[in-house]
Amino acid sequence: MKIKHLLLVFAIAATPLSHAQTTKTADVDSLGTVGHELMDDSDFTFTESQLGENDDLTADVIRITSNSNVYLNQIGWAWSGIWFKYRALDNSCSDTYMNGVQVNNPENGRFSYSTIGGMNDAVRNREDVSPFEANNFSFSGIGGGSNYNLRASQMPAGHKVTLSGANRSYTLRGMYSYGSGLSKDGWAFFGTVGYRWANMQTAAVKGTFYNSLSFFLSLQKVWGEKHSLNLAAWASPTERATAGATTDEASWLANDYLYNPNWGYQNGEKRASRVITNFEPSFLLTWDYNIKENMKLTTSAFLKWAEYKSTNLYYSGTNPKPDYWKRFPSYYYNVWGNGNGQNDDFDAFWSSYEKWQDERYRQINFDELYFANTQLNKIGADAIYWIEARHNDHLMTNLSSTYDWNFSKGQKWSVGVQLLSTRSSHYKTMDDLLGGQYFHNTNTHLVGDYQQTAAEAMYDVNHGYQRIVEGDRFGYDYNIWNQDVKLWTSFSMDKGIQHNYIAGRIGGRRMWREGFMCNGLFQNNSYGKSGIAHFLDGGLKMGSTINLGKGHAISAGVGYELKAPKSYVAFMCPEMNNDYVQNLRNEKVVSAELGYAISNKWLRLNLGGYYYYTHDGNDWQQFFNDDSHSFTYNSLNGIKKEYYGVELGIRLRITSSLDVVALGTYSEAKYIENTNVYWMNSNTTQINSDICYNKGMREGGTPLAAVSLGLNYRIKRWYLNVTGNYYDRMYLYYSPNMRYASTLKIRYNKDDVSEYDAPQQARGNGGFMLDASIGRQFQVAHHPLSINLQLCNLTNRRNITTGGYEQSRSNYSVKERVENSETQFVKDKERNYQFDKNPKKFYTLGFNFMLNVNYRF
Amino acid sequence: MKTKSFIIALLVSAFALTSCMDKDWETPAYMTVLPSYGNNYLVAGTPTTIAELQSKYASTISALASKQITDDLWLRCVVTGNDMGSNIYKQISVQDETGGIIIGINGSDQGAFMPVGQKLLIRLQGLYIGGYGEQAQIGSLYNGSIGRMEVSEWVQHVRLIMDGMAEAVAFGTMKVDTIEFDASKTMAQQAGRVVHLSGVTISGGGTQIIAPDDGTVDLISNCVNRTISGGNAGDKCVLRTSPYADFKGIALPNGPVELYGIATYFKGTWQILARTQSDLAWVK
């Protein structure tokens, strides 16, 4: 009984940690299909695309755990404060299933954890597997996989109320869940409802708020021992204001590492410009058929309709965002000492510094924007400032069936099929004209080259010179279709001291685009359907664990996989036309892993190493290119990368109530060859090829080295934990554009450039963070009441970076085109502002806490 | 029963908790009387006119010098040109019934805050006036000459007068009509005003666009100058257009046309600055 309670307390203590939400939850929402932080331009770059504009930064992190591996079991919550990425892998490298059906979004391969936020009790029951671990639900990716069990009969029976308070992205959380258990007549029900809240006065990051309701219902009917049918439905309608990354200069001027430029005052009230609204109702029907005692068929059908929109302040004149680079003191004076001093203006520098001391200057002045638009109304002109909403909706219909056969002791065979179809809808709407009357559906970057009313400048020739009012679609409007078929199988077998397994998969993917606007620059290939692209892919992997006796074991695994490209990297400029990128082909992944484990009464140890090699990879980005006064769409292909590292996890039991957990990893994740790139600007139809000198660039947004030492103490229903973590080798997402041969030629004013001319990758700050947790369980009215207080970053280290990215702008302006030249532009003047010294960064919260109380009855 | 209770609790929670935080924001009502631009605390003192101002500082202007205005003078005027067409750069032109003048402001999108027709009350004391190529200009001191003032300085010296304000009455029936261009007029008589030219021919007509940025035409201080001749253009008149102008790609006409623009004067040459495409009357 005592052990049960201890486990319960431990579980309760661990839960808030594993679901903790910090700054990035609130602010990261970047691009997948590249969103538009339009012309701040720098905000809307490749880097943010990698962070996953559609979701959260959380979407970029793989939540993995394993009961058989101390390292995997612990890193999920121990390093959540820094948004540690398992093996520096993107979320899309891990497969997520629910009752056996895959739920990753095929467009970008990612699973959005935000869709199951606030329903913790419903999603606690899941099976996680490491990349080379046998399982009966998938051929898992190189980041492992998870299968959530959402069957009502598998949920805990009884009531549970949870109340939480925190100073993070949300301030209050309340959850209630109820499970009926399986009744005698074969019915089971489970439901949970949760709410998370923070307003602009209470949220940890200024100018953000959080407003999220979650509900989950699961109803199951069991017929005898053979059949069961379960219907689960859930949704987490959420509205939240997000923050943005910031430069060191902005943090310094605002005296706040969490400086957030995405809000301002309107009529004395705080208003956020970047608000994400999502509603993604999901339905899952599962039929379990126990054919025999050792034979089972699981079939699931999944339906999800996701509505997601993210707003953004945009403009057709001058960038009104407070962190626009021309508003900084360093725009007026080269503070780095590497300029020629000709443009330095110290008075303006000082004047700018003084302006930044005023909060009204360093935040958006909505009143001014409204005033400008109302002035323009008087002369019948278009609004020049507005808030637009980028929509990324999708309708996902998936079907899976898995057959398991334990045909003899220690021998299991599973085979499954997955049919996935997703229609993703991407369009932009006018969310708020900020007092303006209308706006025309015109590509303002083309005005000048073409008349404003010319067909070439129209976003939609079919509607002519169209006035846009609030609620109208404009800019772009298209669907991307993805249809996948996957057949997979795995076989595992115990033989003597060995446990062996082998798994394989084969699949097909087809995709196409369907445009609903006839873009003026691409009148022949933007409206209607594109051609259909087909890919055949598959993989094979195998592994073995050898039990050496006395608790010692070694394990090894190898794999090879062909991965069809994701549709979000497949189109050259999907916002404008139907064209696929050039040289689109399957990515190849070679993977290997070796591990050693000790498990006995007082020690559990896992030591492992891994090596992944990928080639023919693809990536895609868009950003506002200051030099060409247009958006640039870039497709990187033929990417070659290596990922390797060592991982160590130790749990040492010192006494029956005290144990020590030590974790460590040192890894590498980098490009090993320079990459071909094709790019085009949104004001031309010409596709250019170039080479990107990105050899040696590391994966960003995660420390590549981390260690942790924790003490756990349990006695008399008390639980105490103190953990110290140290992070290092944190890189920021690099800017490919700054490493193109053509860019370097202009930068150094020479025709012969190489990878040695490419700038060093920007880095973030690592550092030490101390966390603690204390919990206690009580009996109230014969039912358990648990209280847990989690204290994070006790030493209040605020300068530790959790991610960020380089800006894709040059330190110089360019002047006229050079005819018949590869460089096209030549350098004009050096700027005072040094973009390469001003990467944008996210920082950890300072000291933060979460108090969690729950009561079961 | 418990299941029913749960569902009821869920629905109640759903309705009770899901109100939007990001409300529907309305245009602040005060904007019609209290602009979010400029200095709403300014109250006019001794009035002056553009003609009086240019006369008072005529020697400074003609000497291409600059001088700070120290008298407590106030100017009531109307905006006639700005950066709306991306041709006039960091300047606005204003007129009253006596003349026109250029005001240099180191800021973009000024046309959105001060569109054509906007009434302004300007406190001149503390600002500089001078001659830039003999063109009268109000601004700030820059390397000893007249230059653009920072927006932060400008907004302390200007009050936007909206219809309905008591101050609007003082403008009375001020007319800022377009005048026919006359090359024989002096800078003080014509510069800074909206002018109309008719029956004029523009060099490059029939073959080129107004302001190409591909190197085919030499830029003069970052702009393309097209000679205007015939009609009422006189013998030293150019159409001056930035390669960043929204109408830079308009084809030049091959024949006599009419056009409008702000007349500026630079070292003996009249430079006509079209404000937007609508000033180019031949463009349909």
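Reading the values: the criteria
- Residues numbered from 1 in each chain as written.
- Chains lettered and ligands numbered in written order.
- Predicted model: local features only at pLDDT ≥ 70, side-chain atom pairs only at ≥ 80, totals over all residues.
- Helix = DSSP H or I, 4+ residues; strand = E, 2+ residues; numbered from the N terminus.
- Rg over C-alpha atoms; globule rule 2.2 N^0.38 Å.
- Buried ≥ 20, exposed ≤ 12 C-beta atoms within 10 Å, placed from the backbone.
- Contact = placed C-beta atoms within 7 Å.
- Nonpolar A, V, L, I, M, F, W, Y, C, P; charged D, E, K, R; others polar.
- Core = buried A, V, L, I, M, F, W, Y, C linked by C-beta atoms within 7 Å.
- Domains from an automatic or database assignment.
- Pairing = 2+ DSSP bridges.
- pLDDT = per-residue confidence, 0-100.

1. Structural notes on the overall build of chain B
Assigned secondary structure in chain B consists of six helices and 17 strands. Expected size for 284 residues packed as a compact globule is a radius of gyration near 19 Å; at 24 Å, chain B overshoots this value by more than 25%. Projected onto its principal axes, the C-alpha coordinates of chain B cover approximately 95 × 50 × 40 Å. In chain B, buried positions account for 43% of the 284 residues. Of all intrachain contacts in chain B linking residues separated by at least 6 positions in sequence, the fraction that spans at least 24 positions is 73%.

2. Some remarks on the interface of chain A and chain B
Counting residues at the interface gives 43 residues for chain A and 37 residues for chain B. Mapped onto the side of chain A that touches chain B, the elements with two or more residues apiece are β6 (172–179), β7 (187–198), β8 (210–223), β12 (269–272) and α9 (366–378) of chain A. Broken down by element, the side of chain A that touches chain B gets its largest block of residues, nine residues, from α9 of chain A. Split by residue class, the side of chain A that touches chain B holds 20 nonpolar, 14 polar and nine charged.

3. A few points about helix α4 (residues 70–78) of chain A
The buried fraction of α4 of chain A is high, at nine of nine residues. Those residues of α4 of chain A lying buried are Val70, Tyr71, Leu72, Asn73, Gln74, Ile75, Gly76, Trp77 and Ala78 of chain A.

4. With respect to the nonpolar core
A general feature of soluble globular proteins is that nonpolar side chains tend to end up buried together. Counting 195 residues, the largest nonpolar core has Trp386 of chain A together with Leu120, Ile228 and Ile272 of chain B as the members making the most contacts within it. Mapped onto the domain boundaries, this core takes at least three residues apiece from domain 1 (30–171) and domain 2 (179–279) of chain B. When sequence neighbours within four positions are dropped, the list of residues in contact with Ile228 of chain B reads Leu197, Val200, Ile202, Ala233, Cys237, Val238, Leu239 and Ile272 of chain B. Core analysis: the second largest hydrophobic core is formed by 31 residues, Tyr97, Met119, Met155 and Phe189 of chain A among them.

5. A short note on helix α10 (residues 741–748) of chain A
Residues and elements named next belong to chain A. Most of α10 sits out of view: six of its eight residues are buried. Among the residues of α10, those classed as buried are Ala741, Ser742, Thr743, Leu744, Lys745 and Ile746. Immediately downstream of α10, the backbone of Asn749 shows phi near 55°, a positive value.

6. Thoughts on the sheet that holds strand β4 (residues 145–148) of chain A
Residues and elements named next belong to chain A. The mixed open sheet is built from four strands, whose spatial order is β2-β1-β4-β3. Since the sheet does not close on itself, it has two edges, and those belong to β2 (101–102) and β3 (126–129), each with one partner. Here strand β1 (residues 95–98) pairs with β2 via two bridges, running antiparallel. Looking at β2, one finds that Met98 is bridged to Val101.

7. Observations regarding the domain arrangement of chain B
Residue and element names in this part refer to chain B. If you check the domain split of chain B, you get domain 1 (30–171) and domain 2 (179–279). Using only C-alpha atoms to locate each centre, domain 1 and domain 2 end up separated by 24 Å. The greatest single-element share of the side of domain 1 that touches domain 2, amounting to four residues, is contributed by strand β5 (residues 99–106).

8. Thoughts on the confidence of the model for chain B
Taken residue by residue, chain B gives an average pLDDT of 89. The fraction at 70 or more is 93%. At the level of chain-chain contacts, confidence expressed as ipTM amounts to 0.92, with global pTM at 0.90.

9. Some remarks on the sheet that holds β12 of chain A
The strands that make up a sheet are held in pairs by hydrogen bonds between backbone atoms, and each pair lies either parallel or antiparallel. Residues and elements named next belong to chain A. In spatial order, the strands read β12-β11-β16; together these three strands make up an open sheet with mixed pairing. Strands with a single pairing partner mark the edges of an open sheet, and in this sheet they are β12 and β16 (364–365). Pairing analysis gives two bridges linking strand β11 (residues 263–266) to β16, with the strands arranged parallel. Residue pairing across strands places Gly264 opposite Ile364, the latter belonging to β16.

10. Thoughts on unusual backbone geometry
Residue His782 of chain A is not a glycine yet carries a positive backbone phi of 70°. Mapped onto the fold, His782 of chain A is located in the loop between β34 (767–780) and β35 (783–792). Classification of His782 of chain A by C-beta neighbours within 10 Å gives exposed; the count is 6. Residues other than glycine seldom take positive phi values, yet Lys267 of chain B does so here, at roughly 50°. Along the chain, Lys267 of chain B turns up in the loop between β16 (257–266) and β17 (269–273).

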